[in-house]
Every structure is written in structure tokens, then in C-alpha cells.
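What the coordinates show
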2 protein chains.
Amino acid sequence: MDERSSKQRIVVVGGGFAGLTFVGTLKAGAAEITLIDQRNHHLFQPLLYQVATASLTPSDIAWPIRHVLRKRRDVRTLLGSVTGVETARRVVRLADGGEIPYDTLVLATGARHSYFGHDDWEPFATGLKTVEDATAVRQRILSAFERAECESDPAERAAWMTFVVVGGGPTGVEMAGAIAELAHATLQGEFRLIDPAQARIVLVEAGERLLPSFETGLSAYARAALERRGVAVRLGEAVTLCDAEGVRLGEERIRAHTLVWAAGVEASPAGEWLGVPTDRAGRVVVEPDLTVPGHPEIFVLGDTAAVRDARGKAVPGIAPAAKQQGAFAARVVAARLAGHTAPARFSYGDRGSLATIGKRAAVIDFGKIRLRGWLAWWLWGLAHVYFLIGVRNRLSVALSWLWIHARDQRPARLITGQPRPAAPAADGTEETGRG
Amino acid sequence: MDERSSKQRIVVVGGGFAGLTFVGTLKAGAAEITLIDQRNHHLFQPLLYQVATASLTPSDIAWPIRHVLRKRRDVRTLLGSVTGVETARRVVRLADGGEIPYDTLVLATGARHSYFGHDDWEPFATGLKTVEDATAVRQRILSAFERAECESDPAERAAWMTFVVVGGGPTGVEMAGAIAELAHATLQGEFRLIDPAQARIVLVEAGERLLPSFETGLSAYARAALERRGVAVRLGEAVTLCDAEGVRLGEERIRAHTLVWAAGVEASPAGEWLGVPTDRAGRVVVEPDLTVPGHPEIFVLGDTAAVRDARGKAVPGIAPAAKQQGAFAARVVAARLAGHTAPARFSYGDRGSLATIGKRAAVIDFGKIRLRGWLAWWLWGLAHVYFLIGVRNRLSVALSWLWIHARDQRPARLITGQPRPAAPAADGTEETGRG
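Now for a description of the structure that goes with this document. Every value quoted in this text rests on a predicted model; they were computed, and no experiment measured them. (Residues numbered from 1 in each chain as written. Chains lettered and ligands numbered in written order. Predicted model: local features only at pLDDT ≥ 70, side-chain atom pairs only at ≥ 80, totals over all residues. Heavy atoms only, no water.)

**Side note on the overall build of chain A**
Definition in use: Think of it this way: any DSSP run of H or I at least four residues long counts as a helix, any run of E at least two long counts as a strand, and we number them from the N terminus. Radius of gyration: over C-alpha atoms. The globule rule applied is 2.2 Å multiplied by the number of residues raised to the 0.38 power. Per-residue accessibility, obtained with a 1.4 Å probe over protein chains only, is compared with the maximum for each type, and a residue is labelled buried under 20%, exposed over 50%, and partly exposed between these values. Any two residues whose heavy atoms approach within 4.5 Å are treated as being in contact. All accessibility values rest on the Shrake-Rupley procedure with a 1.4 Å probe; residue burial counts only the protein chains present in the view. Counted as positive: Lys and Arg. Counted as negative: Asp and Glu. His and the chain ends are not counted at all. All charge positions are set by atom: Lys at NZ, Arg at CZ, Asp at CG, Glu at CD.
Of the regular secondary structure elements, chain A holds 13 helices and 26 strands. For 435 residues, the compact-globule estimate of 2.2 N^0.38 gives 22 Å, and the C-alpha radius of gyration of chain A, at 23 Å, lies within 12% of that figure. For chain A, the spread of C-alpha atoms along the principal axes amounts to about 70 × 50 × 40 Å. A total of 435 residues make up chain A; the buried ones form 57% of that total. Looking at chain A alone, contacts between residues at least 24 apart form 64% of all its contacts between residues at least 6 apart. If you sum the accessible surface of chain A, you get close to 17,500 Å²; carbon and sulfur atoms cover 54% of it. Put simply, chain A has 52 plus and 47 minus side-chain charges, and the middle of one group is 8 Å from the middle of the other.

**With respect to the packing of aromatic side chains**
Let me state the cut-off plainly: Aromatic contacts are taken between Phe, Tyr and Trp rings whose centres are within 6.5 Å, Trp giving its six-membered ring; a plane angle under 30 degrees counts as stacked, one over 60 as edge-to-face, and the others as tilted. Here, a charge over a ring is recorded when the distance from Lys NZ or Arg CZ to the ring centre is within 6 Å and its angle to the ring normal is within 35 degrees.
All chains considered together, the criterion is met by 20 aromatic pairs over all chains. Here a set of aromatic residues connected by ring pairs shows up, and it is made of A:Tyr115, A:Phe116, A:Trp121 and A:Trp261. The cationic tip of A:Arg66 hangs over the ring face of B:Phe191; the distance from NZ or CZ to the ring centre is 3.9 Å.

**A closer look at the interface of chain A and chain B**
Going by this rule: When two components associate, each loses some accessible surface as probed by a 1.4 Å sphere; the sum of these losses over both components is called the buried area. A carboxyl oxygen of Asp or Glu within 4 Å of a side-chain nitrogen of Lys or Arg is what we treat as a salt bridge. Between N or O atoms, a polar contact is any pair within 3.5 Å; within protein, one atom must be a potential hydrogen donor and the other a potential acceptor, and residues adjacent in sequence are included only when both atoms are from side chains. Basically, the charged four are Asp, Glu, Lys and Arg, the nonpolar ten are Ala, Val, Leu, Ile, Met, Phe, Trp, Tyr, Cys and Pro, and anything else, Gly included, counts as polar.
Facing the 48 residues of chain A at the interface are 48 residues of chain B. Summing the contributions of chain A and of chain B, the shared interface buries around 4,800 Å²; its carbon and sulfur component is 54%. It is A:Arg66, A:Arg192 and A:Arg392 that lose the most area in chain A upon contact with chain B, and together they represent 16% of the buried surface on that side. Put simply, chain A and chain B have 4 salt bridges between them. Here B:Glu149 and A:Arg76 are joined by a salt bridge, their closest N and O atoms 3.9 Å apart. Scanning the region where chain A abuts chain B turns up 29 residue pairs in polar contact (both at pLDDT 80 or more). When residues of the side of chain A that touches chain B are traced back to their parent elements, those giving at least two are strand E4 (62-64), helix H4 (65-68), strand E5 (75-79), helix H5 (131-150) and helix H12 (391-407) of chain A. With 7 residues, H12(A) is the largest single contributor of residues to the side of chain A that touches chain B. Counted by class, the side of chain A that touches chain B contains 19 nonpolar, 14 polar and 15 charged residues.

**Comments concerning a nonpolar patch on the surface**
All names here are of chain A. To keep things clear, this is the line we draw: Each patch is built from residues lacking any salt bridge and having more than 30% relative accessible area; the joining distance is 9 Å for like charges and 5 Å for nonpolar side chains (Val, Leu, Ile, Met, Phe, Trp, Tyr).
Nonpolar side chains collect at one region of the surface, where Trp374, Leu375, Trp378, Leu379, Leu382 and Leu402 lie side by side and expose about 620 Å² of accessible area between them. The biggest single contributor to the nonpolar patch is helix H11 (residues 374-387), with 5 residues. Counting through the fold element by element, Leu402 comes out in helix H12. Under the relative-accessibility criterion, Leu402 is labelled partly exposed at 48%.

**Details of the sheet that holds strand E8 (residues 99-101) of chain A**
Residue and element names in this part refer to chain A. Note the threshold: Here a strand pair is declared whenever DSSP counts at least two bridges between the two strands. Angles run from 0 to 180 degrees between N-to-C directions of axes, and those axes are lines fitted to C-alpha atoms, restricted for helices to the stretch in contact.
One open sheet holds the 3 strands; their spatial order is E6-E7-E8, and the pairing between them is antiparallel. Each edge of the open sheet carries a strand with a single partner, namely strand E6 (82-86) and E8. In this sheet, adjacent strand axes meet at a mean angle of 20 degrees when their direction is disregarded. Both E6 and strand E7 (residues 91-94) contribute to a ladder of 4 bridges, which runs antiparallel.

**As for the relation of the copies chain A and chain B**
Inclusion rule: Least squares is the method for superposing the copies, and the C-alpha atoms it fits come from residues with pLDDT of at least 70 in both.
Here chain A sits on chain B after a turn of 180 degrees about the axis and a move of 0.0 Å along it, with an RMSD of 0.0 Å. Expressed as a symmetry operation, the mapping of one chain copy onto the other fits a two-fold axis. Most of the interface of chain A is mirrored in chain B, where 100% of its interface residues are also at the interface.

**Points about helix H5 (residues 131-150) of chain B**
Condition: One fewer than the residue count of a helix, multiplied by 1.5 Å, yields its expected span.
Taking 1.5 Å as the rise per residue, H5(B) with 20 residues should run 28 Å; its terminal C-alpha atoms sit 29 Å apart, in good agreement. Along H5(B), 17 of the 20 residues are buried, which leaves the element largely enclosed by surrounding structure.

**Here we look at the pairing of strand E2 (residues 32-37) of chain B**
Residues and elements named next belong to chain B. For E2, the buried fraction is high: 6 of the 6 residues fall into the buried class. Here E2 shows no split at all, with Glu32, Thr34 and Ile36 on one side and Ile33, Leu35 and Asp37 on the other all buried. Here strand E1 (residues 9-13) pairs with E2 via 5 bridges, running parallel. The residue of E2 that forms the bridge with Arg9 is Glu32.

**A word on the pairing of strand E18 (residues 258-261) of chain A**
Residues and elements named next belong to chain A. Here E18 shows a buried face lined by Thr258 and Val260 and a second buried face lined by Leu259 and Trp261. Both strand E11 (residues 125-126) and E18 contribute to a ladder of 2 bridges, which runs parallel. Among the inter-strand pairings, Ala125 is bridged to a residue of E18, identified as Leu259. As paired strands, strand E12 (residues 162-166) and E18 are joined by 4 bridges and run parallel to one another. Paired with Val165 across the bridge in E18 is Val260.

**What about the pattern of salt bridges?**
According to the stated counting rule, one finds 47 salt bridges over all chains in the structure shown. When the shortest N-O distance is used, the salt bridge between A:Glu266 and A:Arg112 registers 3.4 Å. With A:Glu266 in strand E19 (residues 265-267) and A:Arg112 in strand E10 (residues 111-113), this residue pair connects regions lying 154 residues apart in the sequence. In this structure, B:Asp243 engages B:Arg253 in a salt bridge whose closest nitrogen and oxygen atoms are separated by 2.7 Å. Within this pair, whereas B:Asp243 is found in strand E15 (residues 239-243), its partner B:Arg253 is found in strand E17 (residues 252-255), the two being separated by 10 residues in sequence.

**Focus: unusual backbone geometry**
All names here are of chain A. In this model, Ala54 sits at a positive phi of 75 degrees, which is unusual for a non-glycine residue. Turning to its location among the elements, Ala54 is positioned in the loop between helix H3 (48-52) and E4. Exposure remark for Ala54: the relative accessible area of 1% places this residue in the buried category. The backbone of Leu290 shows a phi angle near 70 degrees, a positive value even though the residue is not glycine. Residue Leu290 is classed as buried on the basis of its relative accessible area, which comes to 0%.

**Looking at the packing of H5(A) against helix H7 (residues 170-186) of chain A**
All names here are of chain A. Rules: Crossings are sorted by hand: turned counterclockwise from the far helix by less than a right angle, the near helix makes the crossing left-handed, and turned clockwise it makes it right-handed.
Two elements in contact, H5 and H7, have axes whose closest approach is 12 Å; the angle formed by their N-to-C orientations is 35 degrees. Remark: the crossing between H5 and H7 carries right-handed chirality. Residue-level contacts link Val137, Ile141, Leu142 and Phe145 of H5 to Met175, Ile179, Leu182 and Ala183 of H7. A class-by-class count of the residues in the contact of H5 with H7 yields 8 nonpolar, no polar and no charged.

Functional significance is not addressed by these values, which are geometric in nature.
Following this line, the structure appears as C-alpha cells:
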């Protein structure tokens, strides 16, 4: 302990893409690192929608953080919940009353979904940020078909067979496409009273086009590909209400018992912990070197930070950006430890954007090269398998995807957890009516 | 519908081994079958302990019932909760107020764990019957090590690193062996303050020996194999208390924050629905042809039934017995439908018992042939892969097992769900003391 405590103490909060890349980039032994996360696992969030739609199982895309870092003897992994930071005393406070002192602090705590001031919509429109979110959405989607099969009232049955996805970014597009394939292919022939192919899937986007971060031709392709799969795409229309009966779009009511929220995120409360200015989404406005103004010893990374590149353009909240920020911060810290001049400005290298719509349909925007269709789909799959951690998970995910491709069967069609906790009014009313 | 409704209506409650085998054995089109289960999946319960110990993922051992039966156009699968049976009107009542009429009723609703009148022990000693049970036990085991890593008080740390398994049947033996391997091999080198190899695993069995249904030599081998793996085996001692602090064995207190209950089961309430005599474990005492006395149109199968073979010996509550009963009942129904004489007496064919203790250590009791050690272990693995449903699950489970065998890594080490809901007193006290 004596030898260790003479070293610089680095505390990293959050074992997501930014935090893990920071630790991985920093040379072992350079400092005494403590990584704190409130979950025991790193989660590959870009594939969370595949857990929500029964294609992958949670452990396919989640790894115990301490296992990933097991060979790093200089890293201590703590499962704990951070409640605050005392910047004057340089300690991180934990929910169990403990305190962890730091010389350098890295906050990479990610984002949660945001309902733009309508937090009362959350029980009805589940977002996708955690494993529990994904299994809850999976349960809601799969049990909606089960409820429809038992329902004798045609209007109620239709409401159980209507799925509304709010938000036309990559997650919304991928969810809508996957629900369509689940309904139209996977569940085919398994019900006796309903026809899952009659399910109505509505994708709502308030903006002018889907996938706004992609080139316009790819947005148009995504829309057409979704419509070919039976998804009703509603552009330029904002959801004005989410409740147990569905959504409202302007004056129109869409009756649906299953809503998925993919419309917006807000940063985790790192800004509140620090008491520093944040942008509208709660992200800490950081210096060009990703440190907090006035606190060169505190870095804020990934979805928790509002970062602008050299040309003033906002860096997007996606995994590659978070990884690049983690690696950059590690280089700054390493330079400081070595007494060298630290790099002064983070520069984002846009590696392109990928989104999948369904079987043999994806879009890839590399800037110069743009792809769509089956080639993009195969590349999307290969890229994602490549980015997973560990040979076993790559094999398992590849096996599942090949199986889905060949057989349209999805391997994780489990309804688990509490049944449909999120629509009490509708359920209660309906059951009383029938009882 | 007209053609269907002229047929015999068979209602099967429960999609476990007995119920599914009943449907699978009955020739398609012979009747109009409704299968009701409160879960959407058939669960391979013999491997549930592997989900609880992070070796397999829930979807490895669970299949959507309606997918298994998708080609049986004569079968309607219903996700529903049965609340009662009106034998006079021949209808099954559902929780949503619906009623399903039957001509023949098959009740195969399984068993729950039983605390022998101490239901207040349940929050502290989780049993293993459902997917949720297994992920809850997994969460408790994995987070116990996390809590130990954060704990400064040596006595508390020891309580977090002590695991008590109650019950020395196959599930208890398998759980104790798997926890020992998790602690001594899988988690090796991943913690900085605790040494998981120091974990104390205690297996308590009130009887004279482990695995009482096996030959005595195999029981002795199982005990020695567990002790070699660092499990403390306590025979002839009954648990007299389970609480947040651990267990009491007679006068002795074993402090442990993680208890697993594998000591006893009681039948689901089919006996109450029917209002017929049950044995002490709540099982319906059935006729030799597995029907309910006075109700030849009602069969009770599997763990819900108290069945005796021709020599008066109780048929054990294991998967092969349940499957044989399902197949027998289907033959009785088929014979009745064809106007033939139905077989009058179920006869149990004992195919032997298998249990695994850990890597390269299992016991197999085929009666004439008895095996133990590595050969038994490989046979155990092959047999279980063989009994799984579907090529994909077999590949996935085989992949996981080969991985565990080669690397000692367990693929599903996720802590999910609500954190440690089951020991509020201990957690609360401790945290107040530290805060």
C-alpha cells in the first residue's frame, strides 16, 4: 500500500466506452486507478435494441468490468453509486457513506433518456439505456401479442397490436425495423386467433427526416426500407401525449398499449455534482482538453460532456466519440505524469455512422463512401461483432445472427420480470370490465 | 371453428416437461387442445442452477411454448394464470375472468419451493424454480463478493463471503459445487482487497448423506468431491432459522448474507382447485392411471401428482418421470378417443439419476451401472445438451460449457434487477453504522 499511495490517484466514474478506453489507454502502473460504476458490467449500448427485440441475450452484450480489467493490477474496480464530488477536498462521495480521494477525476457517467419535461410519460414509453430497460421493453412487446391473442374486443386487440416508436434516430429506426421483423417473420404461424403480420408499427419523428445525422439520400432509403417492412413512418409530427392508451400526434390519437421511447437523452448528473455550467441536455460544457473550467484535474467525457471539435461542431453522443475522448484524456494524463506538454485540444475523427433497418438493409455513412442495402448490412454486422469484447461473445452473437438470418427465429423470446407494470390504468379498467 | 368445436376439447395447464410431452405424444388433429401457462416459456429446470451461477443465460434453457408448438395447428397456446377449476361445469377459470371449457383436463403445474412452514425464511433463502429466481440468486452471489470488496469490518466481510446452501439433493450439491468453482476459479485475480478463494461455502443436509436417491458410494464420492473443492458439508444437521444474518444449525450460528434454498418443494395448488385429497407436500393423490379419483376426465401429472409405481414406491419428482407421465396420459386419451381399452396403470421406468459436482466430477446412478468422476461428467454434459430443445440452444450451451471448461470464465456474470432486495435489515443497519 505504501508504494501505491505515493502514486497519483485517479478515480474514474463510469465503466462505459469512455471510462474503459481511458483506463485501457493509460499505461499500467502509471497511477493508482479506482474505477467506480453502479453496475457490475460494461454494456455495449448500440446493440441494446437487439436485446429488446429478442435477438440477443443480455450477457451477449455485457461484460463484468472487473473481468475486463482483471490483468490491470493497478486498477481497483468498485461497484458503487456516486452521490457527489467535493472538488475542494478532492473526494468522491459514495451512497454507502464512503469517500474516495482523487488527484485526477474522470467523470464518464453517460446519459439517461429524457422526456423533455414530461417525466410522467416514462411509465408508458420505456427508453433503452440499461439491461433492465431492454428486458422490460422485450417483455412489453412480446406480451402485447399474448394479450392480443386473449382479447375479444376488436378495439382493444388493435391497441395491443399497435406499437409506437418515438424518435427517428438510429435507435428508433432499428427498434421499428426489428419490431416489424419480429411481427411479420418470427412470430408467423404461432398464434391461432391473431395474425402477428397485421401488427401496426408506427415510427414518429418530429424532424423532417429519419437519421438526421446521415446524408439525406440514406435517410430516404431508411424510410423506404422501413415502409417496405410495413412500418408507418410519420415525419414532422411531434408526440404531445403518452399514456396508457397510446400517443397523441397533434389532434390525432393513436391507440397503442406499447410505446418505445427513443427520442432524447439527458446527461447523468455529473454537472450537478460539480456545480458547473451545463447545456440544455445537462451536459458539462468542457474546455478543449475535456477538463472542467477551473478544474484541470477533472475530466468529463462521453455523453456527460458537451464537446465541440476544432471547427465548433458538436461532437455526437456515440460510442466512437466516447472512446476517442477516453483515449485523449488518457494521453493528457500520461503527458502530465511524465512532465511533458499535454495535448491541448481534443479533435474528433468522424469514422462514419451506421444503422440497420432490418435483414439485409442497413445504411453506412462514411462521409466519402455511402452504402445501403445488403452490403451495408453485412458490414454493419461484421463491424459490431468486431467491436464486441472477447472471442466467446463474438461467437455467440455471430451464431445468433446467423440463426436469425437463416431461420427468422429469435433466440431470446422470454417474457420475464413483473408482468406489464407500466399500464396499470388500461389493464385494470379492462380486466374489471371483463371480470 | 365449427369443425374444431365438434372435437374433444383438451385443456392442458402447464407447459413443463409433463404438459409438453403430453401434447407432443398426442397425435396432431386428434383433439382441440388448449395449453395454458402463466409463463411464455418452457423452462429446462435441471439447468437452472447454471443460470444462478452465471454459466448459462436464461434463454439458453427456456423456449417460448408457442414456438415449440408452432407446427401443431390443433394446439392453441394461452399465456394466462389459472385461478380455479369448476369440475361440475368442466371449465378452467383464468385470472382475467375468462373461462376455458374442457372435456379432458390435464393439470401439470409443477411445484414451488417449500420452507416447511417457515415462509418468513423466503426473503433470505432464495429457492430455484423460475428464471427470476435464478437471476435473483445470481445477483445475490455476485454482489456478495462486490460488497465484501467494499467492506472494512472483517466480521461483515466474512458474512458477505459466506454462502450457505440448504439441502443436499442434486440441486443443493450442484449449487454448492458451482459456487465453489465460481469463487475459487472464475473470480480469481479480479479483486484487490478480498481473495474470493477464501469464500466459505457450507452445504447443509438434515439427512445422513448427500444425494439420498443415489447409491451410498456415490453419495460418499459427492461429499469427498465437494470437500476437495472447499465446500464444508454438514450432514445430519437441520437449519432452525434463516434470517438476514445467516442460518442457525441447532445452537450454532453461521453468519452469512447469502443463503440458497434447495431443501424442499410443495406442489402448486392444483389440489386446492379440485378440492381433492393431497399428500403432505400438496400433491394430488392420483389413481394408477394418473387420473383424479372420481374424475376420469382429469389427469394430474409431474410434480403436482403423488404417483406410486406398481410396487408402491413413490415416483420421484424429476424431469424423466414427468415426461413419462405426460406420454402415458396421452396414450390413455388417445385410446379413449379411438374407443380402445386405455392402459390402466402408469409404470415408471427408472432411467437413472445424474448430478454434477463440478468440473470433471459428476455421479451417475443407472442402477446396474454406476459412474463417477470425469467420465460421468462428460456423459452428464452430453445428456443435458441432448435433452435441450433445438440446434441453436444446443450449440450455445455446448459453446458456453467448453468455454468454462477451457478458461474457467463464466459467460453470464451480470448483476441485474433490484440490488439485494432480500436482506434489508442487515444492509440498513450496516449502512447507517458506516454513514
